[in-house]
Every structure is written in C-alpha cells, then in structure tokens.
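So the chains spell out like this:
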Amino acid sequence: MTEQLRLMAVHAHPDDESSKGAATMAKYVSEGVDVLVATCTGGERGSILNPKLQGDTYIEEHIHEVRKKEMDEAREILGVKQEWLGFVDSGLPEGDPLPPLPEGCFALQDVDEAAGALVKLIREFRPHVITTYDENGGYPHPDHIMTHKISMVAFDAAGDPEKYPGTGEPWQPLKLYYNQGFNRPRTVALHEALLERGLESPYGEWLERWKSFQKRERTLTTYVPCADFFEIRDKALIAHRTQIDPDGGWFRVPMEIQKEVWPTEEYELARSLVDTSLPEDDLFAGIRNN
C-alpha cells in the first residue's frame, strides 16, 4: 500500500482513549500512521475519581471545560488527532432499581441517527482500520454500549453511497476491532508474576469478580507489541487528572514487569474485508501488502 495508513479509535468519553489501546496508537504514530480518536461525548457526567481533586468547586462547576483541557493534553502526549462527536454523557446509573437515563443523553439517541455523525467523520478521515468496543461495551456503561452500536452501523454504512447522503464521499474501512486490553489471560499473568516476586498484586479482586460474573472469555485475535510505549500510555492517562489517581492501582505494577510479562495490547477482530491469518500482531495485517 502506497498511501499513508489511517487508524480511527472510537471512544465514549475523554480518558477512554488513554486507558484502552493508547500504547498501540502511540506505536503507530511513531511509524507514520495517521491516527484519529473520535470521542462520542464530553464526559460531562463523569465522577471526579481522583481523591486529591474531589470537593474542588471550580472543577465540579466546570467539569466539561476541565475534561476538554485534559483531552487536549492527552492528545498531544499520544501524538494523535482528535474530534468530538458532540453527544452528551449519559452517566453511569447506580442503585437498585437503576434510575432512568437523563433526557437527551447519548445512550437514548436513535442509533441510526446518531451513527450519522460517525459516518461523516469516517468519510472525512477515510480510515483503513477502526477500533471500538464489543457489544458489552467492554464494561456495561450505557455510553460504551452505544459507542459499539453506532460503530457497527457506521462501519457498514460509510461505504454505501445510498446511506447518509450529504455526509461526504463514501469510504469503506477494511477492518474493525474490539478493544480487549482488559482480558483475563493478561490479568492472570501479571497477578502471578507479582506474587512470584513477592510483591502485592492489585488484581486479586478483579479475578474474583471475573469468577462471580462468569464472564465469557473473549477471542483475542491480535496482539500488538507496544511495550516501548507503555510510559507514553501512562503519561496520557495521568493527563486526565480528574479521572485517575496517579497513586492508584493503575500504576502499582512496576513497568519492567509489565514489559517483560505482557508486552502487548490485545484486540478482537470483528470485521475484515481483507484476507488475514490469525493470530495477528498488526492491526493493518492484510492491508499493508495489498
């Protein structure tokens, strides 16, 4: 392939791009790939998860602007482009029974109508590969599930000249992947490696929850080597300072152990219009040589 390769990562909120596939994106940027993050919502209803910033009145009253600035910083760190699709954060319903979702939020939009914004962006950017979430959203946040739904519609519709007229010239992406970086094999490997070295593991509770939920194992098809970019990934995530505690569990596993034990980020190939053989080590497998 002679033209520049292009990758689009579709995410629900600012900070998702830095916790899911960030090292992969940084790796591809370093290789000259054009990478665009499509952020569906502004994260307006996200809780302030960093205990050091909780109770800050300015942040609470200006959370939309604060999260936008955090996204700008993370984007610069990763070296990617980024566009907002403009939907309103649905929040994460909590309680029993769960409260209704807020009127006008992303998760309550008509799927086909909402997909039009993503189709327009696909036709403008013309990605060869798209990454998104699986049908469970990676975890069952309504915005993550909605992100999956519009991604699937847009992948199929963007190349059809009869769909979404007025949103640009048709463009058909060639592959679509689900982010599967939070997978059981990786978690077990890191957990056991920490215990073998006499270190405390932050993954014990995760693994217990996996048992209780009887979570179906996903099919990991693609392992992208990107250990050299784990530091960039972490730096981008810490830029979302309202959403992450730099002293929290995310960062308790020594970097040298992460790189040695599990030096890849994982994906599940959901759609492919090119021939490829599994497992892969490249999201562009089957595209680069066509």
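Up top is the structure these notes are about.
Predicted, not measured: the structure shown is a model, and the values here were computed from it.

Undergrad: Where do I start with the overall build of the protein in this structure?
TA: Per the secondary structure count, the protein includes 10 helices and seven strands. Against the 2.2 N^0.38 benchmark of 19 Å for 290 residues, the protein shows a C-alpha radius of gyration of 19 Å, consistent with a compact globule. The buried share among the 290 residues of the protein stands at 51%. A separation threshold of at least 6 residues defines the contact pool for the protein, and within that pool the share at least 24 residues apart is 80%. Of the accessible surface of the protein, which amounts to about 13,900 Å², a share of 51% is contributed by carbon and sulfur atoms. In the protein, 31 positive and 51 negative side-chain charges are present, and the distance between their average locations comes to 2 Å.

Undergrad: I'm lost on the sheet that holds strand β4 (residues 129–132) in this one. Help?
TA: Working definition: the strands of a sheet are paired by backbone hydrogen bonds and lie parallel or antiparallel to each other. Strand order across the open sheet formed by seven strands is β3-β2-β1-β4-β5-β7-β6, with mixed pairing between neighbours. Each having just a single partner strand, β3 (81–87) and β6 (222–225) make up the two edges of the open sheet. Along the sheet, successive strands turn relative to each other by an average axial angle of 30°, direction set aside. Examined bridge by bridge, β6 and strand β7 (residues 264–272) share four bridges and lie antiparallel to one another. Counted as the bridge partner of Thr222 is Tyr267 from β7.

Undergrad: In this structure, what is going on with the pairing of strand β5 (residues 175–179)? I would like to understand it.
TA: Counted residue by residue, β5 has five buried out of five residues, so it is predominantly covered. Residues of β5 alternate between two faces, with Lys175, Tyr177 and Asn179 on one and Leu176 and Tyr178 on the opposite face, all of them buried. As judged from the four bridges shared by β4 and β5, these two strands associate in the parallel manner. The residue of β5 that forms the bridge with Val129 is Lys175. Of the crossover connections in this fold, the one passing from β4 over helix α6 (residues 142–157) to the parallel β5 is right-handed.

Undergrad: In this structure, what is going on with the environment of Ala22? I would like to understand it.
TA: If you trace the backbone, Ala22 turns up in helix α2 (residues 22–30). Along the chain, Ala22 and Gly249 lie 227 residues apart, while their C-alpha atoms are 18 Å from each other. Residues in contact with Ala22, not counting those within four places in the same chain, are Glu17, Leu78, Arg233 and Glu265.

What counts and what doesn't
Residues numbered from 1 in each chain as written. Predicted model: local features only at pLDDT ≥ 70, side-chain atom pairs only at ≥ 80, totals over all residues. Heavy atoms only, no water. Helix = DSSP H or I, 4+ residues; strand = E, 2+ residues; numbered from the N terminus. Rg over C-alpha atoms; globule rule 2.2 N^0.38 Å. Buried < 20%, exposed > 50% of the residue type's maximum accessible area, 1.4 Å probe, protein only. Contact = heavy atoms within 4.5 Å. Areas by Shrake-Rupley, 256 points an atom, 1.4 Å probe, with all protein chains shown as cover. Lys, Arg positive; Asp, Glu negative; His and termini not counted. Charge placed at Lys NZ, Arg CZ, Asp CG, Glu CD. Pairing = 2+ DSSP bridges. Axes fitted to C-alpha atoms, helices over the stretch in contact; angles between N-to-C directions. Right-handed = clockwise from strand over helix to strand, strands pointing away.

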